[in-house]
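Chain and residue survey
Single-letter residue listing:
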Amino acid sequence: MEKIDVPKLREIVGENNIKADLSDLYIYGSDSSVHHAMPWVVVRPDNTLHVQQIMEYANQEVIPVIARGGGSGMCGQAVPSQGGIIMDMKGMNRILEINLPDVYCRVEPGVVDDDLNLALKSYGVFYPPTPASSRIATIGGEIANNASGVRSVKYGATRDAVLGMKVVLPNGELVSLGAYTRVEASGYQLHKLMVGSEGTLGIVVEATLSFVPIPEFRCMGVANFDSLQDAGEAIGAIMSSGSNPSMLELVDSVAIKAVNKTMDLGLKEVAAALIFEADGMVKEAVDYEINKMRQICEKQNGQDIYASYDPQERAKIFMGRKKLFPALSKYDENLASTSLADDMAVPYSKMAEMAGKIHEIAAKNDIIMTAYGHCGSGCMHTKILMDTKREDQWKSAKKAITEVYEYVRSVHGTTSAEHGIGISKAESFKVEKSDSINLLTSIKKTLDPNNILNPGKLMQAPDDWVTATDLRYSVNSK
Ligand SMILES: Cc1cc2nc3c(=O)[nH]c(=O)nc-3n(C[C@H](O)[C@H](O)[C@H](O)COP(=O)(O)OP(=O)(O)OC[C@H]3O[C@@H](n4cnc5c(N)ncnc54)[C@H](O)[C@@H]3O)c2cc1C
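Everything quoted here is computed from the prediction, not taken from an experiment. (Residues numbered from 1 in each chain as written. Predicted model: local features only at pLDDT ≥ 70, side-chain atom pairs only at ≥ 80, totals over all residues.)

**Side note on the environment of Lys154**
Quick note on the threshold: Helix and strand labels come from DSSP, where a helix needs a run of H or I of at least four residues and a strand needs a run of E of at least two; each type is numbered from the N terminus. Burial is judged by counting other C-beta atoms within 10 Å of a residue's own C-beta: 20 or more means buried, 12 or fewer means exposed, and anything between counts as partly exposed, with every C-beta placed from the backbone. Each residue is represented by a C-beta atom placed from its backbone, and any two residues with such atoms within 7 Å are regarded as in contact.
With respect to the helices, strands and loops of the structure, Lys154 is situated in helix H6 (residues 152-155). According to the C-beta neighbour criterion, Lys154 is buried, with 20 such atoms within 10 Å. Each C-alpha atom of the pair Lys154 and Ser243 lies 10.0 Å from the other, and the pair is 89 residues apart in sequence. Those residues within four positions of Lys154 in sequence are excluded, and the remaining contacts are Asn244, Pro245 and Ser246.

See the structure below:
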């Protein structure tokens, strides 16, 4: 803290855009993960010049800088594990251009996803990578994490939608990466490198994003299953059949029970349910897709199958999935829902086995884990429900995570589908990337020789996060 020249930063961003009170620092020490660490100061730039000046200063003094958007990251990406400056990007939240003829928009990084989609709606288009956290997640945070969402199965993740961007490098230099066009053949695709880099290579100050037309027709269906295995196999069968769902989500029995406890939806408490959707400009084409998925579900022993075009009915079908994350905290009032081994991706043929493994490993380690996610994209989420005050539960969780990740790697899956690595998943990331870790480290060193941008994340994060990193829970060791 002594290192920080607060008056100098105040000069750059102005009195109202700096926070150094203990209470503010405490709040900015957490994101949506289990981790917590105090920053030394919080600055809120209003424009690119502010960002450049802050970076120049921090680079000179070798002070860590952690960009922060909505703070909804689940793996500790925005937690300042080595202290330093939190650069809160939410003040840079202008939509700069919506260019319909050229099918792109330009936005500042602090624009909240829902706000962008609200603005795009009046033009008849939408930005599809939208995560479930779209009410709070910012475009900068989504780029840094390569966020994706329920519609990514058809429309792709953030990386697919980013055409270009402006980035401030650690030394304060401003660079333009990518293009405004759909194709750009030569040179290294540096804008794509920034996607998923978790704020470790540069600060995104502007993004050029593609969008797509809002479809005329959307039809959503749901199918219940008495066996998780059958539901998992239905996912694989749908995706390998040539179907083109605009959504394919799994929820398991733990998730259904949690939703029933918090919402008056009266969901049937089955082993698993699949929510599927098709969209398009031609109703017959949407009918065709929905019927195909319905038939596959039936063949895999799906029951109570029901589909609707009606917006209210669709909202009702999707409500439980939409509110699942908060609902999981209510599953059992003695258990907290923690984001630990919270997302991975496996090949479609392994979906059923993966969902089963999650339950099997949880039972073996005396914790509760749920299996759900954007399974059409190969993505499988879990949450660990545990008593966070008990040290033995953290040990069990750690063991369970290790086992889940070993399984994921054994079937050529990845331990980061969309929620990133941050601190929580670093140990597994290092194993998964063992033959390219030196290359990743050299890229980081080239762009950030003083290691000031979000240090201690990705391949730099400690292996044993339970003991090496402050948790935001107080844990009884007895
Ligand atoms: C309820 C809930 C549901 C979620 N659902 C999904 C989901 O469906 N799909 C999904 O992908 N994720 C999901 N997430 C995770 C999270 O919302 C996403 O990872 C999101 O992209 C984070 O955005 P943010 O603005 O909150 O970023 P933050 O958490 O503030 O930051 C995340 C990372 O981005 C970096 N960063 C932020 N701004 C910039 C910038 N301008 N330049 C460079 N780096 C920057 C930070 O340094 C940090 O490393 C969910 C989270 C919650 C709490």
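**Observations concerning the nonpolar core**
We count it as follows: Buried Ala, Val, Leu, Ile, Met, Phe, Trp, Tyr and Cys residues form a nonpolar core when they are connected through C-beta atoms within 7 Å.
Grouped together as the largest cluster of nonpolar side chains are 71 residues, with contacts concentrated most on Ile235, Leu250, Ala273, Leu274 and Met380. Apart from the residues within four sequence positions on either side, Leu250 is in contact with Ala231, Ile235, Ala272, Leu274, Ala355, Ala371, Tyr372, Gly373 and Cys375. Grouped together as the second largest cluster of nonpolar side chains are 60 residues, Ile63, Ile139, Phe211 and Ala461 included.

**Here's the deal with the sheet that holds strand S9 (residues 174-178)**
Keep this limit in mind: Two strands qualify as a pair provided that DSSP identifies no fewer than 2 bridges between them. Working convention: axes come from line fits to C-alpha atoms, limited for helices to the stretch in contact. Angles between N-to-C directions cover 0 to 180 degrees.
Strand order in the open sheet formed by five strands is S5-S6-S10-S8-S9, with antiparallel pairing between adjacent strands. The sheet is open, and its two edges are formed by strand S5 (95-99) and S9, each paired on a single side. Across the sheet, the mean angle from the axis of one strand to that of its neighbour is 10°, orientation sign disregarded. The strands that helix H4 (residues 113-121) touches are S5 and strand S6 (104-107); relative to S5, the one it contacts most, it runs at about 40°.

**Section: the environment of Ser329**
Relative to the helices and strands, Ser329 is located in the loop between helix H13 (324-328) and strand S16 (336-338). Measuring from C-alpha to C-alpha, the distance between Ser329 and Thr262 comes to 9.5 Å, with 67 residues separating the pair along the chain. Once you skip the residues sitting within four places of it in the chain, Ser329 turns out to touch Ala336 and Ser337.

**Quick notes on the site of the ligand**
Cut-off, in case you're wondering: Whether a residue is near a molecule or strand depends on its C-beta atom, placed from the backbone, lying within 6 Å of it. Polarity classes work like this: nonpolar for Ala, Val, Leu, Ile, Met, Phe, Trp, Tyr, Cys and Pro, charged for Asp, Glu, Lys and Arg, and polar for all others, with Gly in that last group. Residue ranges labeled as domains rest on an automatic or database domain assignment.
Lining the immediate environment of the ligand, one finds 37 residues, of which Gly69, Gly73, Gly140, Gly141 and Gly199 sit closest. Broken down by secondary-structure element, the contributors of at least two residues to the shell around the ligand are strand S3 (65-68), helix H5 (139-145) and strand S10 (203-210). Of the residues forming the shell around the ligand, the biggest block, five residues, is contributed by H5. A per-class count over the shell around the ligand returns 14 nonpolar, 18 polar and five charged. A domain-level breakdown of the shell around the ligand finds at least three residues from each of domain 1 (91-213) and domain 2 (216-420).

**What to know about the pairing of strand S8 (residues 162-168)**
With respect to burial, S8 is a largely interior element, seven of its seven residues being buried. Bridge count between S8 and S9: five bridges; the pairing is antiparallel. Residue pairing in the sheet places Val168 in a bridge with Leu174 of S9.

**Description of the packing of helix H1 (residues 6-13) against helix H3 (residues 48-61)**
Our working rule: Between 65 and 115 degrees an angle is taken as roughly perpendicular, under 35 as roughly parallel, over 145 as roughly antiparallel, and anywhere else as oblique. Handedness of a crossing is defined here by the sense of rotation of the near helix relative to the far one, left-handed for an anticlockwise turn of less than a right angle and right-handed for a clockwise turn.
At their nearest, the axes of H1 and H3 sit 9 Å apart, and the two run at 160° to each other. Of the possible angle classes, the one that applies to H1 and H3 is roughly antiparallel. Viewed along their axes, H1 and H3 form a crossing whose handedness is right-handed. Across from Lys8, Leu9, Ile12 and Val13 in H1, the residues of H3 making contact are His50, Gln53, Ile54 and Tyr57. Among the residues making up the contact of H1 with H3, the classes are represented as five nonpolar, two polar and one charged.

**With respect to helix H10 (residues 253-262)**
For H10, the full list of buried residues reads Val254, Ala255, Ile256, Ala258 and Val259. On its buried face, H10 is in contact with strand S13 (247-252), strand S14 (272-280), helix H12 (311-322), H13, strand S18 (368-369) and strand S19 (372-373).

**Focus: helix H15 (residues 391-410)**
To keep things clear, this is the line we draw: Multiplying 1.5 Å by the residue count of a helix minus one yields the expected span of that helix. This arc corresponds to the set of directions leading from the helix axis out to the C-beta atoms.
In this model H15 runs 29 Å from its N-terminal to its C-terminal C-alpha over 20 residues, within 8% of the 28 Å that 1.5 Å per residue would give. Here H15 has its buried residues at Gln393, Trp394, Ala397, Ala400, Ile401, Val404, Tyr405 and Val408. Buried residues of H15 fall within an arc of 135° about the axis and therefore sit on the same side. In H15, those exposed residues whose orientation departs by more than 90 degrees from the buried face are Lys395 and Ser410. The first or second residue beyond H15 is His412, which carries a positive phi of 65°.

**Overview of the pairing of S13**
The buried fraction of S13 amounts to six of the six residues, a majority that puts the element mostly inside the structure. The alternating pattern of S13 places Met247, Glu249 and Val251 on one face and Leu248, Leu250 and Asp252 on the opposite face, and all of these are buried. Alignment of S13 against S14, held across six bridges, turns out to be antiparallel. Each bridged residue has a counterpart across the sheet, and for Glu249 the counterpart in S14 is Ile275.

**Some points on the sheet that holds S18**
Overall, antiparallel pairing links the three strands, which are arranged S16-S21-S18 in an open sheet. The open sheet has two free edges, formed respectively by S16 and S18, since each of these has just one partner strand. Relative to strand S21 (residues 384-386), S18 runs antiparallel, the two being bridged by two bridges. Following the sheet pairing, Met369 is matched in S21 by Ile384.

**Regarding the domain arrangement of the protein chain**
The domains assigned to the protein chain are domain 1 (91-213) and domain 2 (216-420). A C-alpha centroid distance of 27 Å is found between domain 1 and domain 2. Domain 1 puts 13 residues into the contact, and the matching count from domain 2 is 13 residues. With three residues, the single largest contributor to the side of domain 1 that touches domain 2 is H6. Looking at the side of domain 1 that touches domain 2, its residues break down into five nonpolar, five polar and three charged.

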